[in-house]
Amino acid sequence: MQEKEEKSLRYGYSTGACMTALCVGLWKNYLTKNVPNHIEILFLDQQKKELPLILDELNHGILKIQKDGGDDPDCTHLAILSATFCESALSQAQKEDYILSIGNNTLILHAERGIGLCTRKGLDCEESKWAINKKPRQMLMENLKLHDFATYENPKTNVFQLNLSVEHGEELAKKTLNSKLGIIGGISILGTTGHVRPFSHDAYKATITICANTIYLEHGEHIVFSTGGRSLNNAKKYYTNLPDSAFISIADFIGHSIETAKKFAIKEVSIACMAGKLCKYAAKQFYTHAHKEEQDLSLLKNEIAQAITLLPQSEIIDNTWENAQSVREALCSFTDSGQKQILNNLAEKALIFFKSIYPTGIFHILICDFDGTIIMIKHSETQ
């Protein structure tokens, strides 16, 4: 089943849309020495929207914009992007720059502070180039065409340069998966259409796909999914023979992640998780966010109610699990061995769910305690 989309939330715009707005604004300033407070941009879904600009340093040739992600919690929400624009020559281009041919003219797309450099294959930006994805570059080119960049004739040069920066981009990048993807030194300039859908998970799911594609390109046969930082760190300690690229944090996207492993025919799949996620996997939840799939705790209680029919009475400390307000509290109603029996039963059901998505996959569940330490490993039957 697919996760439900939130309704009546405000859309925003991507860093790619911000880059386009800056470039069009600076191009207008180059032609007319005038930039409006708002610039109209054509998005890749053919919708038009006015984006507000920051003009306070335009007299120094610097135009700025503040990204508005709408009702989306992305870490780049409210980030400040700035740019300058100038006449140039192809000899001025660096090897990391993109050279965009637009009709009669050429634009050198150059990144300065706060934008990452792509160091690996399999991404939507080119290896050894700035982390500016293909769709934002397309959006930029199409909008410049609308403003006569393609047909403009300058007697001095037909080459121009956009210099793009993101304030505090290096710090923002630490809150993303960029370092795992092989993007160093800053954030990525992203956007599929230019819009940011409220609470859209497309970007996170795309990141999982990109990471799996990287493993495929590196001929890897084992991928390790984790639901959080603690389980990820302990999975790395367990699988010391695997490269760092084999470990992917998947948050709530278990179904998509297994589908992705299947897509790239990665034979062996390990999932490191805690009890809360495990009981959701046992209940065949394709997507496991508490706000999207209700009854987190009641789900565990239902699973416990089934599991305890197989437990010796000596493993049951009390019945307070029936009124527990947390997963940890519910499991405290059982001895350590009783807890492991419940988790084992949950894991067996989870493996059946995983197999239903990827029948030929070989699965391992690394069950972690609340500190992330691995306390049990359960394998699928096919080894």
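Residues numbered from 1 in each chain as written. Predicted model: local features only at pLDDT ≥ 70, side-chain atom pairs only at ≥ 80, totals over all residues. Heavy atoms only, no water.

Brief notes about the pairing of strand E5 (residues 80-87)
Working note: regular strand, side chains alternate between the two faces of the sheet.
Part 1 of the argument: With 4 bridges joining them, strand E4 (residues 63-66) and E5 adopt antiparallel strand pairing. Paired with lysine 64 across the bridge in E5 is serine 82.
Part 2 of the argument: Two elements, E5 and strand E9 (residues 159-166), share 7 bridges in a ladder whose sense is antiparallel. Within E9, the residue paired with cysteine 86 across the bridge is glutamine 161. (Pairing = 2+ DSSP bridges. Helix = DSSP H or I, 4+ residues; strand = E, 2+ residues; numbered from the N terminus.)

Examining the environment of threonine 260
Part 1 of the argument: Residue placement: threonine 260 occurs in helix H7 (residues 254-263).
Part 2 of the argument: Between the C-alpha atom of threonine 260 and that of leucine 299, which follows or precedes it by 39 residues, the distance is 26 Å.
Part 3 of the argument: Discounting chain neighbours no more than four positions away, the residues touching threonine 260 are Ile208, Thr209 and Ala212. (Contact = heavy atoms within 4.5 Å.)

Considerations on the packing of aromatic side chains
Part 1 of the argument: Per the counting criterion, the structure on display carries 18 aromatic pairs.
Part 2 of the argument: Taken together, a centroid distance of 5.7 Å and an interplanar angle of 15° make the contact between phenylalanine 85 and phenylalanine 160 stacked. With a gap of 75 residues between them, phenylalanine 85 in strand E5 and phenylalanine 160 in strand E9 connect regions that are remote in the sequence. Note on accessibility: phenylalanine 85 and phenylalanine 160 belong to one class, buried.
Part 3 of the argument: Considering the side-chain rings of phenylalanine 149 and phenylalanine 160, the 5.6 Å spacing of their centres and the 65° angle between planes classify their relative orientation as edge-to-face. Separated by 11 residues along the polypeptide, phenylalanine 149 in the loop between helix H2 (134-146) and E9 and phenylalanine 160 in strand E9 bring together distant segments of the chain. As far as burial versus exposure is concerned, phenylalanine 149 and phenylalanine 160 are alike and both buried.
Part 4 of the argument: Members of the aromatic cluster, joined through ring pairs, are Trp27, Tyr30, Phe85, Phe149, Tyr152 and Phe160. (Phe/Tyr/Trp six-rings, centres within 6.5 Å; stacked < 30°, edge-to-face > 60°. Buried < 20%, exposed > 50% of the residue type's maximum accessible area, 1.4 Å probe, protein only.)

What about helix H5 (residues 202-217)?
Part 1 of the argument: Counted at 1.5 Å a residue, the expected span for H5 with its 16 residues is 22 Å, and the 22 Å between its end C-alpha atoms agrees.
Part 2 of the argument: For H5, the set of buried residues is Lys205, Thr207, Ile208, Thr209, Cys211, Ala212, Asn213, Thr214 and Ile215.
Part 3 of the argument: If you follow the buried residues of H5, they end up packed against helix H4 (178-181), strand E12 (222-226), strand E13 (247-249) and H7.
Part 4 of the argument: Histidine 219 occupies a position one or two residues after H5 and carries a positive phi of about 60°. (Expected span 1.5 Å × (residues − 1).)

Remarks on the confidence of the model for the protein
Part 1 of the argument: On average, the protein scores 89 in pLDDT, and the residues at 70 or more come to 92%.
Part 2 of the argument: In this model residues 291-295 is a low-confidence stretch, pLDDT under 50, and it forms 9 contacts with partners more than four residues away in sequence or in other chains. (pLDDT = per-residue confidence, 0-100.)

So, the pattern of salt bridges
Part 1 of the argument: Under the criterion given, the structure shown has 11 salt bridges.
Part 2 of the argument: For glutamate 57, the salt bridge goes to lysine 64, with nearest N and O atoms at 2.7 Å.
Part 3 of the argument: In this structure, glutamate 96 engages lysine 95 in a salt bridge whose closest nitrogen and oxygen atoms are separated by 2.8 Å.
Part 4 of the argument: Residue glutamate 96 is classed as buried on the basis of its relative accessible area, which comes to 13%.
Part 5 of the argument: A cluster of three or more residues bridged by salt bridges with shared partners is formed by Glu57, Lys64 and Glu167. (Salt bridge = Lys/Arg side-chain N within 4 Å of Asp/Glu carboxyl O.)

Concerning the sheet that holds strand E15 (residues 362-368)
What holds strands together in a sheet is hydrogen bonding between their backbones, with the strands either parallel or antiparallel.
Part 1 of the argument: Read from one edge to the other, the open sheet built from 5 strands follows the order E13-E12-E14-E15-E16, with strand pairing classed as mixed. The open sheet is flanked by E13 and strand E16 (374-379), the only strands paired with a single partner. Averaged over all pairs of adjacent strands, the angle between their axes in this sheet comes to 20°, without regard to strand direction.
Part 2 of the argument: Alignment of strand E14 (residues 268-273) against E15, held across 6 bridges, turns out to be parallel. Paired with isoleucine 271 across the strands is isoleucine 365, a residue of E15.
Part 3 of the argument: Taken strand by strand, helix H6 (residues 229-238) contacts E12, E13, E14, E15 and E16, and its axis lies near 70° from that of E16.
Part 4 of the argument: Across the sheet, helix H11 (residues 336-357) touches E14, E15 and E16, and the angle it forms with E16 is around 40°. (Axes fitted to C-alpha atoms, helices over the stretch in contact; angles between N-to-C directions.)

Here we look at the sheet that holds E5
Part 1 of the argument: Overall, mixed pairing links the 5 strands, which are arranged E4-E5-E9-E7-E6 in an open sheet. Edge positions in the sheet fall to E4 and strand E6 (98-102), since each of these pairs with one other strand and no more. Along the sheet, successive strands turn relative to each other by an average axial angle of 25°, direction set aside.
Part 2 of the argument: The sheet contact formed by strand E7 (residues 105-111) and E9 spans 6 bridges and is parallel. Bridge pairing in E9 links leucine 107 to phenylalanine 160.
Part 3 of the argument: Strands in contact with helix H1 (residues 15-32) are E4, E5, E7 and E9; relative to E5, the strand with the most contacts, it is inclined by about 40°.
Part 4 of the argument: H2 rests against E6 and E7 of the sheet, and its axis sits at about 35° to E6.

Concerning the pairing of E16
Part 1 of the argument: Across 5 bridges, E15 lies against E16 in antiparallel orientation. Bridged to isoleucine 365 within E16 is lysine 378.
Part 2 of the argument: Linking E15 back to E16 in an antiparallel pair, the connection comprises 5 residues, with glycine 372 at a positive phi of about 90°.

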